[in-house]
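Residue strings, one per chain:
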Amino acid sequence: GNSVTQMEGPVTLSEEAFLTINCTYTATGYPSLFWYVQYPGEGLQLLLKATKADDKGSNKGFEATYRKETTSFHLEKGSVQVSDSAVYFCALSSGTYKYIFGTGTRLKVLA
Amino acid sequence: GAGVSQSPSNKVTEKGKDVELRCDPISGHTALYWYRQSLGQGLEFLIYFQGNSAPDKSGLPSDRFSAERTGGSVSTLTIQRTQQEDSAVYLCASSLAGGGTDTQYFGPGTRLTVL
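Residues numbered from 1 in each chain as written. Chains lettered and ligands numbered in written order. Predicted model: local features only at pLDDT ≥ 70, side-chain atom pairs only at ≥ 80, totals over all residues. Heavy atoms only, no water.

1. Observations concerning the packing of aromatic side chains
Put simply, the rule reads: Note on aromatic pairs: the rings of Phe, Tyr and Trp (six-membered ring only in Trp) are paired at centre separations within 6.5 Å, and the planes decide the class, stacked below 30 degrees, edge-to-face beyond 60, tilted for the rest. Here a strand is any run of E in DSSP of at least two residues, a helix any run of H or I of at least four, and the numbering for each starts at the N terminus. A simple rule labels every residue: compare its accessible area, found with a 1.4 Å probe on the protein chains alone, to the largest value its type can have, and call it buried under 20%, exposed over 50%, or partly exposed in between.
For the coordinates displayed, the defined rule picks out 15 aromatic pairs over all chains. Aromatic pair Phe62 of chain A and Tyr88 of chain A: ring centres 5.6 Å apart, planes at 40°, arrangement tilted. With Phe62 of chain A in strand β8 (residues 62-65) and Tyr88 of chain A in strand β10 (residues 86-93), the pair connects residues that are 26 residues apart, well separated along the chain. As far as the burial class goes, Phe62 of chain A and Tyr88 of chain A line up, both buried. Ring pairing ties together the aromatic residues Phe34, Tyr36, Phe89, Tyr99 and Phe101 of chain A together with Tyr33, Tyr35, Phe45, Tyr48 and Phe106 of chain B, which thus form one cluster.

Printed below as a string of structure tokens:
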């Protein structure tokens, strides 16, 4: 069945460090891929998405490229800020409304 | 308009009691979803409503769980005879049309604690 695997956290970085959160998936067909972010005390919100191979989603300095050959959708940011501290979820939708979520990766950025 | 809202934000109950969780989706969104987020786990799909179609209940973990959506808007998730393993954050989301590429907008969740 479809599944999403993302790196376990927590990830602790200093401000302005480079961030990578790995996400790989297993799916039939051609899924759409998403990154959601959950800030403390808030609901999940869409960070970025990509709907076909080689697409790059980007938002707020974050980027992720849909790599079909490696079945990956790694999240990157060149310079993190304290305000990026949150839990990040990778998710896929394989052509239906059902999202499959990863277990989430907690990011803590220190000033 | 306003985002997805859920109530209550926190609910503490005793084992064996029934609870009702409410979700108000974004106005105009035809699709509504319920998920469960347990500690250290990803989000687990529970149920999906789309317009007037029969809901997809395939994610409900047992027959103690049920949900309804009245008038195509507000939804209520009911858990009967709660158990300690039901303790989790219950998240509601809505989307405009329910397609695979549709963005789902999440509410803040209801944290349920079963003592």
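2. What to know about the interface of chain B and chain A
Counted only if it meets this: For this analysis, residues touch if any pair of their heavy atoms sits within 4.5 Å. A 1.4 Å probe defines the accessible area here, and the buried area is the portion of it lost by two parts on being joined, summed over both. Within this document, salt bridges are pairs made up of a side-chain nitrogen of Lys or Arg and a carboxyl oxygen of Asp or Glu, the two lying within 4 Å of each other. Think of a polar contact as two N or O atoms within 3.5 Å of one another; within protein, one of them needs to be a possible hydrogen donor and the other a possible acceptor, and neighboring residues in sequence only count if both atoms come from side chains. All residues other than Ala, Val, Leu, Ile, Met, Phe, Trp, Tyr, Cys, Pro, Asp, Glu, Lys and Arg, Gly among them, are scored as polar; the first ten of these are nonpolar and the last four charged.
Of the residues lining the interface, 22 residues belong to chain B; the matching set on chain A comes to 19 residues. Buried area between chain B and chain A, summed over both chains or domains, comes out near 1500 Å², and the portion from carbon and sulfur atoms is 56%. Between chain B and chain A we count zero salt bridges in total. The tally of links between chain B and chain A comes to four residue pairs in polar contact (both at pLDDT 80 or more). Residues that form the side of chain B that touches chain A fall into these classes: eight nonpolar, twelve polar and two charged.

3. Digging into the layout of surface pockets
Selection criterion: Here a cavity is any set of points on a 1 Å grid over the protein atoms alone where a 1.4 Å probe fits but cannot get out, and a pocket is any open set with protein on both sides within 12 Å along at least 5 of 7 lines; a residue lines the site when it has an atom within 4 Å of a point. Grid points are joined across faces, edges and corners, and a volume is the space filled by probe spheres set on the points.
The computed volume of the largest pocket comes to approximately 740 Å³. In this structure, the largest pocket is lined by 30 residues; those nearest its centre are Gln38 and Arg106 of chain A together with Gln37, Val89 and Arg111 of chain B. Listing elements by their share of the lining of the largest pocket, those giving two or more residues are β10 and β12 (105-110) of chain A together with β8 (88-95) and β10 (110-114) of chain B.

None of the figures reported here should be taken as evidence of function without further support.
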